[in-house]
Amino acid sequence: MNTTLQELTSRVAAAFEAAGYDPALGAVQTSNRPDLCPFQCNGALSGAKAYRKAPFMIADAVAEKLAADPAFEKVEVVRPGFLNLTPSDAFLLERAAQTIADPFDGVPQSENPMTIILDYGGPNVAKALHVGHLRTANIGESLKRLARACGHKPMGDIHLGDWGLQMGLVIAEYSVRHPEWACFSETFDPETQSVPTIDVIELGEVYPSASAKSKENEEFKNYARSVTATLQSGRHPGYTALWKEILRVSVEDMKKSYARLNVDFDLWYGESDAEKWIPELMDILRAQGLLVESDGAMVVEVAQDDDKITMPPVIIRKSDGSSGYPVTDLATILQRQRDFAPDEIWYVVDKRQSLHFTQVFRCAHKAGLVPESTVLSHFGNGTMNGADGRPFKTRDGGVMSLSNLLDTATEAAAEKLRGSEHVDASQLDESARRIAIAAIKFGDLMNHLSGDVTFDLDKFMSFEGKTGVYLLYMLTRIRAVLEKAGADPDADAVIHSIESDAQRALLYANLSVGEAFRRAMEERSPNLLCDAAYQLAVAFSSFYHDSSVLGESDPEKRETLLGFCRLTRRMMLKLLDTLAIQPVDHM
Ligand code: ARG
């Protein structure tokens, strides 16, 4: 179904047309004076010049046509030519009934579903997930769910960093620590020999120490480089077997962290999977004459005349013969095109990588790796900062691991729950996890994705204000009311009438959710869903204070009040689910 705003727009557009004006002038928006009217249309002002008429004359003519439309309770022309619009209750009730009957909860479904690949997460194998991985995971997951909710076909790909020098460093370090392992011998035979099971705790510590060692020890660094090259050549079965084992352990561990965050991926490809596409990529670049030599390296020029910043060429082969990050991304684009022919590829990656993506996208289009029409977008996310405005650190200045951060938040949530008489011990752990995740996710996602976020656990965890915890709390209250009334919370809502302003306002908030989804998708901005969820909670709160749901004795009115609760709960759950936030029953 269309959104309430779209429906009102089509009616006002029809009135413009009937009055002899361009229907495109009929765009309705939510009013910036909600105290006067919920909606407005400023089309008469925009059209005045073209029609050489005073705006109010146009507005008057349109208002006259709208007088016959039962969707409007009141249409008021305000000088110089605004149309203030108040829909009728009959219209709102009809919209509510349609929304309730709609399998998509009033979220308009795309007529041209797109296949979208979302590249997010992007963790590096053998390095523990840290706070820097939080925003890409939250944002990527919610964009994926948003696209799905709007009828598109999104696919999440984690794009593991499983191939570069970091892998060589880790294998080199293991070979120093455990020279006796058979996999380090060139005669290792994977058919008859096996690699030892890697311990995840040791693995977590191997990379940092290898990385530190390589910075002060030139010899080790060169050794790690040669291990990397040998691994990548595929000619050392022992290295390959060990690499697979590292990958297995690391991915298993990552899956646990992502599961805590309620984040999951359709594709678990890594940079290593791009490797087999590199020869074809090179052929394409060569055949197109795009590869040029520059200081011993092979590059593709991607600068354009209108560039405001210097746009360096993409380095395809370094002077030492190795290839780097851009080549992996280009080869991955080729793979994605061949496997899925996506309409769009969305990269949710730290905004500090924006130059890299601009170069890669230009090169991909220049070389025709994807059709001209395929949209490649980088959603550059900001960082999660500490109170000092710098990326969030542990107390001693180290990088905060993600599991550490989640543990802290979960403990804080459990602490709050222990005092609650509504939560029994068997639910405590799972509820604490959900509340902690809701707090962190909402604190992240309520901001535009490109901005930085200050990690403030006390603020995120507050029961008051615009927080995930407040929203979950509101849901438990709705549930409690329905339970006390002996009403099935999941039954379809029925709303017979509107008895007060608070009820009307709550209905508006519910009927605006579809539009919030539409806009969030159009602007690729999950934060708009956060706004809608918060507005819904605020409207519910006034409704709750204003109406006595449990005290109502008239059966029809009572059904309506329960209907408001059910509809609000359904919309809230839909919004939260799209943000990948899970509700709790009690708190
Ligand atoms: N692993 C990379 C890093 O740690 C991020 C990968 C982002 N995605 C991509 N397609 N380049 O910086």
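Residues numbered from 1 in each chain as written. Predicted model: local features only at pLDDT ≥ 70, side-chain atom pairs only at ≥ 80, totals over all residues. Heavy atoms only, no water.

Caption draft 1: Examining empty space enclosed by the protein more closely. As enumerated under the stated definition, the model contains three cavities of 30 Å³ or more in all. Of the voids in this model, the largest cavity is the one considered here, and its volume is about 70 Å³. Counting only elements with at least two residues in the lining of the largest cavity, the list comes to helix H4 (89-101), helix H17 (501-511) and helix H18 (513-523). A total of three residues in the lining of the largest cavity trace back to one element, the largest contributor, which is H18. Class assignment of the residues belonging to the lining of the largest cavity gives a composition of four nonpolar, six polar and three charged. (1 Å grid on protein atoms, 1.4 Å probe; cavity = no way out; pocket = protein on both sides within 12 Å on 5 of 7 lines; lining within 4 Å. Points joined across faces, edges and corners; volume = space filled by probe spheres on them. Helix = DSSP H or I, 4+ residues; strand = E, 2+ residues; numbered from the N terminus. Nonpolar A, V, L, I, M, F, W, Y, C, P; charged D, E, K, R; others polar.)

Caption draft 2: Seen up close, the nonpolar core. Tyr174, Leu242 and Ile246 are the most contacted members of the largest nonpolar core, which totals 155 residues. The contacts of Leu242, once residues within four sequence positions are left out, are Ile171, Tyr174, Trp181, Cys183, Phe184, Val195 and Ile198. (Core = buried A, V, L, I, M, F, W, Y, C linked by side-chain atoms within 4.5 Å. Buried < 20%, exposed > 50% of the residue type's maximum accessible area, 1.4 Å probe, protein only. Contact = heavy atoms within 4.5 Å.)

Caption draft 3: Main features of the layout of surface pockets. In this model, the second largest pocket occupies a volume close to 950 Å³. In terms of lining, the second largest pocket is formed by 31 residues, of which the most central are Thr30, Pro38, Phe39, Tyr508 and Ser512. Broken down by secondary-structure element, the contributors of at least two residues to the lining of the second largest pocket are helix H1 (4-18), strand S1 (28-30), strand S3 (72-78), strand S4 (82-87), H17, H18 and helix H19 (527-546). With six residues, the single largest contributor to the lining of the second largest pocket is H17. The class makeup of the residues in the lining of the second largest pocket is 15 nonpolar, eight polar and eight charged.

Caption draft 4: Just helix H13 (residues 402-418), in detail. Taking 1.5 Å per residue, 17 residues should reach 24 Å; H13 reaches 24 Å between its end C-alpha atoms and fits that length. Here the buried face of H13 lies against helix H5 (134-149), helix H9 (237-260), helix H14 (425-445) and helix H15 (457-460). (Expected span 1.5 Å × (residues − 1).)

Caption draft 5: How the structure looks around the sheet that holds strand S11 (residues 375-381). On the basis of which strands lie adjacent, the open sheet formed by four strands has the order S6-S5-S10-S11 and parallel pairing. If you trace the sheet from one side to the other, it starts and ends with strand S6 (153-157) and S11, each paired once. Neighbour-to-neighbour, the strand axes of this sheet turn through a mean angle of 20°, independent of strand direction. Two strands pair when backbone bridges link them, and strand S10 (residues 344-350) and S11 are joined in this way by seven bridges, in the parallel orientation. Bridge assignment links Asp350 to a residue of S11, and that residue is Asn381. Helix-sheet contacts for H5 involve strand S5 (115-119), S6, S10 and S11, and the interaxial angle to S10 is about 155°. (Pairing = 2+ DSSP bridges. Axes fitted to C-alpha atoms, helices over the stretch in contact; angles between N-to-C directions.)

Caption draft 6: Structural context of the site of the ligand. Neighbouring the ligand are the residues Asp119, Gly122, Asn124, His159, Tyr325, Asp329, Tyr347, Val349, Gln353 and Phe357. Interatomic distance of 2.9 Å between a backbone N/O atom of Gly122 and a nitrogen atom of the ligand. Take Tyr325: an N or O atom from its side chain is 2.7 Å from a nitrogen atom of the ligand. For the ligand, whose free accessible area comes to 350 Å², the fraction covered by protein is 84%. (Near = heavy atom within 4 Å. Polar contact = N/O pair within 3.5 Å; in protein donor to acceptor, adjacent residues only side chain to side chain. Areas by Shrake-Rupley, 256 points an atom, 1.4 Å probe, with all protein chains shown as cover.)

Caption draft 7: Summary view of the pairing of strand S8 (residues 297-300). Pairing geometry for strand S7 (residues 291-294) and S8, over four bridges, is antiparallel. Among the inter-strand pairings, Glu293 is bridged to a residue of S8, identified as Met298. In this structure, the hairpin formed by S7 and S8 is closed by a connection of two residues, where Asp295 is found at a positive phi of approximately 50°. As paired strands, S8 and strand S9 (residues 314-317) are joined by three bridges and run antiparallel to one another. Bridge pairing in S9 places Val299 opposite Ile315.

Caption draft 8: Inspection of the pattern of salt bridges at higher detail. Inspection of every chain in the model, using the stated rule, returns 39 salt bridges. Among the ionic pairs, Lys466 bridges to Asp531, the shortest N-O distance being 2.6 Å. In this pair, Lys466 sits in the loop between H15 and helix H16 (468-484) while Asp531 sits in helix H19, placing the two residues 65 residues apart along the sequence. Note on Lys466: relative accessible area 27%, which makes it partly exposed. (Salt bridge = Lys/Arg side-chain N within 4 Å of Asp/Glu carboxyl O.)

Caption draft 9: Expanded view of unusual backbone geometry. Of note, the amide linkage connecting Arg79 to Pro80 takes the cis form, showing an omega dihedral of 5°. Here Pro80 shows up in the loop between S3 and S4. Its identity as a non-glycine residue notwithstanding, Arg52 has a phi of 50°, on the positive side. Here Arg52 shows up in the loop between helix H2 (43-51) and helix H3 (55-66). Given a relative accessible area of 78%, Arg52 falls into the exposed group. Phi angles above zero are rare outside glycine, and Ala126 is one such case at about 80°.

Caption draft 10: Summary view of the packing of aromatic side chains. Counted according to the given criterion, the structure contains 20 aromatic pairs. Relative to Trp243, the ring of Trp163 lies with its centre 5.2 Å away and its plane at 65°, an arrangement referred to as edge-to-face. Highlighted residues: Trp163 in the loop between S6 and helix H6 (165-177) and Trp243 in helix H9, separated in sequence by 80 residues. The residues Trp163 and Trp243 share a single accessibility class, namely buried. When the centroid spacing of 5.5 Å and the interplanar angle of 45° are considered together, the rings of Phe540 and Phe543 count as tilted. (Phe/Tyr/Trp six-rings, centres within 6.5 Å; stacked < 30°, edge-to-face > 60°.)

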